[in-house]
Amino acid sequence: MNDELKSMYTAMGISEEVLSFGEEVLSGLKERFALIDETAEYNQLKVLKALQAHQVSEACLLGTTGYGYNDIGRDTLEKVYASVFHTEDALVRPQITCGTHALALALLSNLRPGDELLSPVGKPYDTLEEVIGIRPSKGSLREYGITYRQVDLLPDGSFDYDNIKKSIHEKTKLVTIQRSKGYQTRPTLSVQRIGELISFIKGIKPDIICMVDNCYGEFVEKPEPSDVGADMVVGSLIKNPGGGLAPIGGYIAGKRECVENAAFRLTSPGLGKEVGASLGILSAFYQGLFLAPVVTAGALKGAIFAANLYERLGFRVIPNSLEERHDIIQAVEFGSPDGVIAFCEGIQSAAPVDSHVTPEPWDMPGYDAKVIMAAGAFVSGSSIELSADGPIKPPFAVYFQGGLTWPHAKFGILKSLQALSDRRIVSKFFP
Ligand SMILES: *Cc1c(COP(=O)(O)O)cnc(C)c1O
């Protein structure tokens, strides 16, 4: 590293030891980074192809107000999403407030009283527990008489095919498969494994709707779950597909009937996709989608860098330093609240916004333990931007993700290590 850059890092609070340790770790990652760039290149062309195929024009970037009838930009964007995910249709709306809302919408609109929902991949994301009614909540699926069954992964992370088969019966209407690990330490599922699971399930009952919670997985691989049999893929625009520019929103891409059900629930029976003004938001949705493959690649590099760095320091990292990636999340187990808190403080201090504030654990709605979050984002709560969060409960793992650019992701990780070093949590290497 040249002196000019080195002194910039020094001026930004990174010590000589932390910086050179980081560089040493990075020198071993060139080949992996080249593979990530290749995936980004492929996905960039995939997105561009979809934008061109639907003749996105300047008029599409403008918005509508009021009812939003004949919103050409909104309708075209939904076609673009359907092309990117190779699905029949898509619903992509600012009225979908977050990822949980998108998932709740997909579930509540495609299930009816008496139906059963099955998760064959263990406990779903924390906020879905209330959607399903695992933890009681008003308006949950359970309140509507929709039952839930869960089959956990086997201890080695593989699917429990025997019990999945036993759990499928005539009432099983929809299967939810979470691609990303979320706040768990199980492995994230590859698109290929998701495909195998869907084939198995459809082999038992062909008309089951297979939904994939695609949060954090978009553009990490070349295929998406909808390329391997998923009837619906669902996610948040303030994660990967919004490319850091979408200020709100969620999407559901899938079979026409599934998307239609969701649209009738989002707006109203009879109205469906025909209403829903896009206001002034569409150019951010389009441009964000256009940038998403490269933004996701930067975040992935950050995750791999963090895994390699912290593994070398003796912490358990999930995925480990060598594993293939299927989402942008990196978990690091610190084994103590102090480690989680120092890590998050380091990430916060690297932010472009609110770098001067100190994050603290708090009782966040939808979660069953205190959570500390580091986020200094242009879009509040955006987790495609450099961010970290950790529930303050064993095994005291922190979940790190995002970074709109690779240099920023790198800097954030160095800052986290600097904070751990300053607090003597990694004193073995940094006396
Ligand atoms: C983020 C996330 C959600 C929920 O999305 P929010 O936008 O936070 O509501 C659901 N599932 C997974 C796997 C996620 O990562």
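Placed above this text is the structure.
Let me sum up the structure you'll find in this document. If you're wondering where the values come from, they're calculated on a predicted model, not measured in any experiment.

Rules used throughout
Residues numbered from 1 in each chain as written. Predicted model: local features only at pLDDT ≥ 70, side-chain atom pairs only at ≥ 80, totals over all residues. Heavy atoms only, no water. Helix = DSSP H or I, 4+ residues; strand = E, 2+ residues; numbered from the N terminus. Expected span 1.5 Å × (residues − 1). Buried < 20%, exposed > 50% of the residue type's maximum accessible area, 1.4 Å probe, protein only. Contact = heavy atoms within 4.5 Å. Pairing = 2+ DSSP bridges. Axes fitted to C-alpha atoms, helices over the stretch in contact; angles between N-to-C directions. Near = heavy atom within 4 Å. Polar contact = N/O pair within 3.5 Å; in protein donor to acceptor, adjacent residues only side chain to side chain. Areas by Shrake-Rupley, 256 points an atom, 1.4 Å probe, with all protein chains shown as cover. Nonpolar A, V, L, I, M, F, W, Y, C, P; charged D, E, K, R; others polar. Phe/Tyr/Trp six-rings, centres within 6.5 Å; stacked < 30°, edge-to-face > 60°. Lys NZ or Arg CZ within 6 Å of the ring centre and 35° of its normal.

**A short note on helix α3 (residues 30-53)**
Argument step 1. Taking 1.5 Å as the rise per residue, α3 with 24 residues should run 34 Å; its terminal C-alpha atoms sit 35 Å apart, in good agreement.
Argument step 2. Three or more residues of α3 are buried, namely F33, I36, T39, A40, N43, Q44, K46, V47, A50 and L51.
Argument step 3. Elements in contact with the buried residues of α3: α2 (16-27), α4 (72-84), α10 (282-312) and α12 (406-422).
Argument step 4. Positive phi appears at Q55, one or two residues downstream of α3, with a value of about 50°.

**Section: the sheet that holds strand β9 (residues 330-333)**
Argument step 1. Taken together, five strands build an open sheet; the order of strands is β8-β9-β12-β11-β10 and the sheet is antiparallel. Each having just a single partner strand, β8 (316-318) and β10 (371-375) make up the two edges of the open sheet. On average, each strand axis in the sheet is tilted by 20° relative to the strand beside it, whichever way the strands run.
Argument step 2. For β9 and strand β12 (residues 397-401), the ladder comprises four bridges, and the chain directions are antiparallel. Bridge pairing in β12 links A331 to Y399.
Argument step 3. Sitting on the sheet, α10 is in contact with β8, β9 and β12, with an inclination near 20° to β9.
Argument step 4. Strands in contact with helix α11 (residues 337-349) are β10, β11 (387-391) and β12; relative to β10, the strand with the most contacts, it is inclined by about 20°.

**A closer look at the site of the ligand**
Argument step 1. In the neighbourhood of the ligand, the contacting residues comprise C98, G99, T100, L103, Y125, Q178, D213, C215, Y216, S236 and K239.
Argument step 2. One of the side-chain N or O atoms of T100 is found 2.6 Å from an oxygen atom in the ligand.
Argument step 3. D213 is positioned such that a nitrogen or oxygen atom in its side chain is 2.6 Å from a nitrogen atom of the ligand.
Argument step 4. Bound to the protein, the ligand loses 90% of the 380 Å² it would expose on its own.
Argument step 5. Ranked by the residues each element gives to the shell around the ligand, the list is headed by helix α5 (residues 99-110), at three residues.
Argument step 6. A breakdown of the residues in the shell around the ligand according to their chemical character gives five nonpolar, four polar and two charged.

**A look at the packing of aromatic side chains**
Argument step 1. Tallied over the full model, the rule gives 15 aromatic pairs.
Argument step 2. When the centroid spacing of 5.8 Å and the interplanar angle of 70° are considered together, the rings of F159 and Y161 count as edge-to-face.
Argument step 3. On the basis of relative accessibility, which here comes to 30%, the residue Y161 falls in the partly exposed class.
Argument step 4. Summarising the aromatic geometry, the rings of F334 and F343 are spaced 5.7 Å apart at their centres and angled 45° between planes, so their arrangement reads as tilted.
Argument step 5. Note on F343: relative accessible area 0%, which makes it buried.
Argument step 6. Each member of the aromatic cluster is reached from another via a ring pair, and the members are Y310, F315, F334, F343 and F400.
Argument step 7. The residue whose ring lies beneath K239 is Y216, and the NZ or CZ to ring-centre distance is 4.1 Å.
Argument step 8. Geometry around Y144 places R265 over its ring, the cationic atom sitting 6.0 Å from the centre.

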